[in-house]
Amino acid sequence: MEAIALVDGNNFYASCEQSINPSLRGKPLVVLSNNDGCIIARSSEARALRIKMGVPYFKVKEKLKKEKVVVLSSNYSLYGDMSRRLMNLLTKYCEQIEIYSIDEAFISINRPHDNNLYPWAREIRTSIYQKLGINITVGIGSNKLRSKLANRLAKKINTSSGIFDLEKINNEDEYLRKIKIENIWGIGYQTSKWLQSKGIKNAKELKEMNQYEIKKKLGIVGERIQLELKGYKCLPIEKVKKSKKEIRVSRSFGKPITKLEDLKQALSIYTITAAEKMRLQNLQASTVTIFTRTSHYSNSSYQKSAHKILIESTNNTIYLLKIVLELSKDIYHPDYKLAKAGVIMQDLTPHNYSQKSIINYPLKGKSERERDLIKTIDFINKRFKSEKITWGITVKKGSWKMNRNLLSGISTTNISRIPTIII
Ligand SMILES: [Mg+2]
């Protein structure tokens, strides 16, 4: 019998920071979102101090100081690298893997003769802790939904040591009753409100609910959730992520901007990143959309977008920059403090299937030279793991650039930032 396990890194961002800087182990620690806005991760020590997830940093700054909580800006290159290492290690222990998020993966495994997967799960936990310094939780079930529930139970039950197999217990209903309806994978806020109004408060009650009533109100998605709760397998492991429909790069500014020059600079940086992402996945876009808006808290609100459909699909940074800079005049407004902007590359197709324009044909020699140039830039930047070579417009100091004042400064992707041990 095949089993599915959901493996999940505990307090992932906080654990990455503690792993790379052992002096932070055992200390309360929080990680902040972009622009040092809100708390997005807490070490278990910070959880114990009842520091809440999602609260704005400025609101709890004093409390954190008083409690001597370590506060760090998010270091996504570190978390991304640790995630890659985690997923690579996991592949050794399973038949199939579906990477579900930065710190979560569904893995499938055939059950041994004695049905007992605990020794297997313990070995994964030990190995990941030894190699990455990160604790993981392993939830095991007969399908994806039940592995999610098992993972939740493993975290809830103190004696579980981070492992729970939902198929190896006799009193399943007792455990399902512990899982609130709003915490079931796939049940959104509205759906949980409706179910609660029908008296359905936990996973056990959802499992036993009238299936026709579910199907009538929630359609096939609701029916699928109930079937998986009952143990049927409805969702396969998706080995390869479906290719993306669009690539979006957008950020909130460190400070609101009012100058067209700053907007152009921000959009250029996002365009360069978006084009790089397309080339990395061998994709090209035939529609480019840009947008900007004021803060959600601002009194005078403004938002605008503009797009251009291209004659020929491309992932050429030089060409895309020209388009974006031209379009940026259409969305700019001098009277508003702009808080966010972004670039979206749409109608993506694989690079090989390009429709060549007849009009642009005489420029072929030039576009080939440009392609070689960009290839070289990508190569150099990849080799040195940073933007050694970029476009002039991005270099000027922009006051709007993201605040990351509390960055840990340690990285596993940059050789000069590896910690030094002095004996
Ligand atoms: Mg996690």
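Residues numbered from 1 in each chain as written. Predicted model: local features only at pLDDT ≥ 70, side-chain atom pairs only at ≥ 80, totals over all residues.

Caption draft 1: Spotlight on the overall build of the chain. Of the regular secondary structure elements, the chain holds 13 helices and 13 strands. Reported as C-alpha extents along the three principal axes, the dimensions of the chain are approximately 70 × 60 × 50 Å. A total of 423 residues make up the chain; the buried ones form 31% of that total. Restricting the contact set of the chain to residue pairs at least 6 apart, pairs at least 24 apart contribute 66%. (Helix = DSSP H or I, 4+ residues; strand = E, 2+ residues; numbered from the N terminus. Buried ≥ 20, exposed ≤ 12 C-beta atoms within 10 Å, placed from the backbone. Contact = placed C-beta atoms within 7 Å.)

Caption draft 2: Representation of the sheet that holds strand β3 (residues 39–42) within the structure. Taken in spatial order, the three strands of this open sheet run β3-β2-β4, and their pairing is mixed. Both outer strands of the open sheet, β3 and β4 (70–73), are each paired with one neighbouring strand and no more. The mean angle between the axes of side-by-side strands here comes to 30°, regardless of whether they run parallel or antiparallel. One ladder, built from three bridges, connects strand β2 (residues 29–32) with β3; its direction is antiparallel. By the bridge assignment, V30 is partnered in β3 with R42. (Pairing = 2+ DSSP bridges. Axes fitted to C-alpha atoms, helices over the stretch in contact; angles between N-to-C directions.)

Caption draft 3: Highlighting the sheet that holds strand β7 (residues 136–141). One open sheet holds the five strands; their spatial order is β5-β6-β1-β7-β8, and the pairing between them is mixed. Strands with a single pairing partner mark the edges of an open sheet, and in this sheet they are β5 (96–101) and β8 (163–165). Neighbour-to-neighbour, the strand axes of the sheet open up by a mean angle of 20°, direction not taken into account. Taken together, the seven bridges between strand β1 (residues 2–9) and strand β6 (residues 104–110) define a ladder with antiparallel strand orientation. What sits directly across from L6, in β6, is F106. Sheet strands touched by helix α4 (residues 76–91): β1, β5 and β6. Its angle to β5, the strand with the most contacts, is close to 160°.

Caption draft 4: Geometry of the domain arrangement of the chain. Domain annotation for the chain reports domain 1 (2–9 + 79–230), domain 2 (12–76) and domain 3 (247–394). Each side of the interface is counted separately: domain 1 has 10 residues, and domain 2 has seven residues. Sort the elements by how many residues they give to the side of domain 1 that touches domain 2 and α4 lands first, with three residues. Class assignment for the residues of the side of domain 1 that touches domain 2 results in five nonpolar, four polar and one charged. (Domains from an automatic or database assignment. Nonpolar A, V, L, I, M, F, W, Y, C, P; charged D, E, K, R; others polar.)

Caption draft 5: Spatial organisation of the packing of helix α11 (residues 260–280) against helix α12 (residues 317–331). Viewed as axis vectors pointing N to C, α11 and α12 meet at an angle of 150°, and their least axial separation amounts to 9 Å. Considering only the axes of α11 and α12, their crossing is right-handed. On the side of α11, the interface is formed by L263, K264, L267, S268, T271, I272 and A275, while α12 contributes T317, L320, L321, V324, L325 and S328. Its residues assigned to classes, the contact of α11 with α12 comprises eight nonpolar, four polar and one charged. (Left-handed = near helix turned anticlockwise from the far one by under 90°.)

Caption draft 6: Structural detail: the confidence of the model for the chain. For the chain, the average pLDDT comes to 88, and 92% of its residues sit at 70 or higher. Across residues 360–364 the pLDDT falls below 50, and counting only partners more than four positions away or on other chains, this stretch makes two contacts in the model. (pLDDT = per-residue confidence, 0-100.)

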